[in-house]
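What the coordinates show
The lines below spell out each chain.
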Amino acid sequence: MKTKTKYILLILVILGIALLYYNHNNALTETSFDPVELKYSKWFFGIGILCVGLYFSNKNWRNVLTKIMLGTFGICFALNLYLFIQIYEYVQINKVYAEYAEIETCEEMQKQFETDLKKDELKYFHFGLGSIIGAKELLKSKYKIEYFSMGCIIESEMECYNKLVEKHIREKYKKSISDIFKETDFNKLIEAK
């Protein structure tokens, strides 16, 4: 096996193990789904490891086994990279949620709002059955506010924070949060019909 091929395989194996470990530990806990891509990547990684064992025991098949290892470890890496991109976003959202869920009073939430305002890192926690399609992108790009869809259970402390965000929007942009939601692509689609 060429030195270049050895390094490529080594990098694929190390990155594959790291991403596999991260995705395995966070897929169910952070996203509540068990992705089929993770199962396939485990299978490909296992086939790759099997080929490594066969590589050292059978000299006649080394060229074929090298190609199989490159393919299986490459597919494993690609699948895990794809999952990592999805799971990482959920991990970050859950970290923010955990941080704000610990705040127990409106006074503490007001202090958090003031800190976020100084850092230009405002958030808006939307409560309801579903998120408003396009709101996340619109609030982030146009108003520099992160949008979090929280589900049906309303948390009063986060509502206190939302009221401060709405007041800020009214003062800075002369709009209500409802006016902003009317700017979403989803609302434009409904009005077009």
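Criteria and cut-off values
Residues numbered from 1 in each chain as written. Predicted model: local features only at pLDDT ≥ 70, side-chain atom pairs only at ≥ 80, totals over all residues. Heavy atoms only, no water. Helix = DSSP H or I, 4+ residues; strand = E, 2+ residues; numbered from the N terminus. Buried < 20%, exposed > 50% of the residue type's maximum accessible area, 1.4 Å probe, protein only. Contact = heavy atoms within 4.5 Å. Polar contact = N/O pair within 3.5 Å; in protein donor to acceptor, adjacent residues only side chain to side chain. Core = buried A, V, L, I, M, F, W, Y, C linked by side-chain atoms within 4.5 Å. Disulfide = S-S within 2.5 Å.

**Concerning the environment of Leu12**
- Within the fold, Leu12 resides in helix H1 (residues 3–31).
- Using a relative accessible area of 14% as the deciding quantity, one classes Leu12 as buried.
- When the C-alpha atoms of Leu12 and Leu164 are compared, they prove to be 48 Å apart, with 152 residues separating the residues in sequence.
- Apart from the residues lying within four places of it in its own chain, the contact partners of Leu12 are Leu70, Phe73, Gly74 and Phe77.

**Details of the side chain of Asn26**
- Tracing the sequence through the fold places Asn26 in helix H1.
- Residue classification places Asn26 among the buried residues on the basis of a relative accessible area of 14%.
- Looking at Asn26, its side chain comes within polar contact range of the main-chain oxygen of Tyr22, at 3.0 Å.

**With respect to the nonpolar core**
- Counting residues in hydrophobic clusters, the biggest one holds 25 residues, and the most contacted among them are Tyr100, Tyr124, Phe125, Leu139, Ile145 and Tyr161.
- Contributing elements (two or more residues each) for this core: helix H3 (62–101), helix H4 (106–119), strand S1 (122–127), helix H5 (135–143), strand S2 (145–151), helix H6 (156–173) and helix H7 (177–181).
- The biggest single contributor to this core is H6, with five residues.
- Residues contacting Ile145, with those up to four places away along its chain left out, are Leu122, Lys123, Tyr124, Leu139, Lys140, Val165 and Ile169.
- Leu9, Cys51, Tyr55 and Leu65 belong to the second-largest nonpolar core, a separate cluster that totals 16 residues.

**What to know about the state of the cysteines**
- On inspection of all chains with the given rule, the structure shows one disulfide.
- Through a disulfide, Cys106 is tied to Cys160; the S-S separation comes to 1.7 Å. Linking Cys106 in helix H4 with Cys160 in helix H6, this pair joins segments that are 54 residues apart in sequence.
- With relative accessibility at 32%, the residue Cys106 sits in the partly exposed group.

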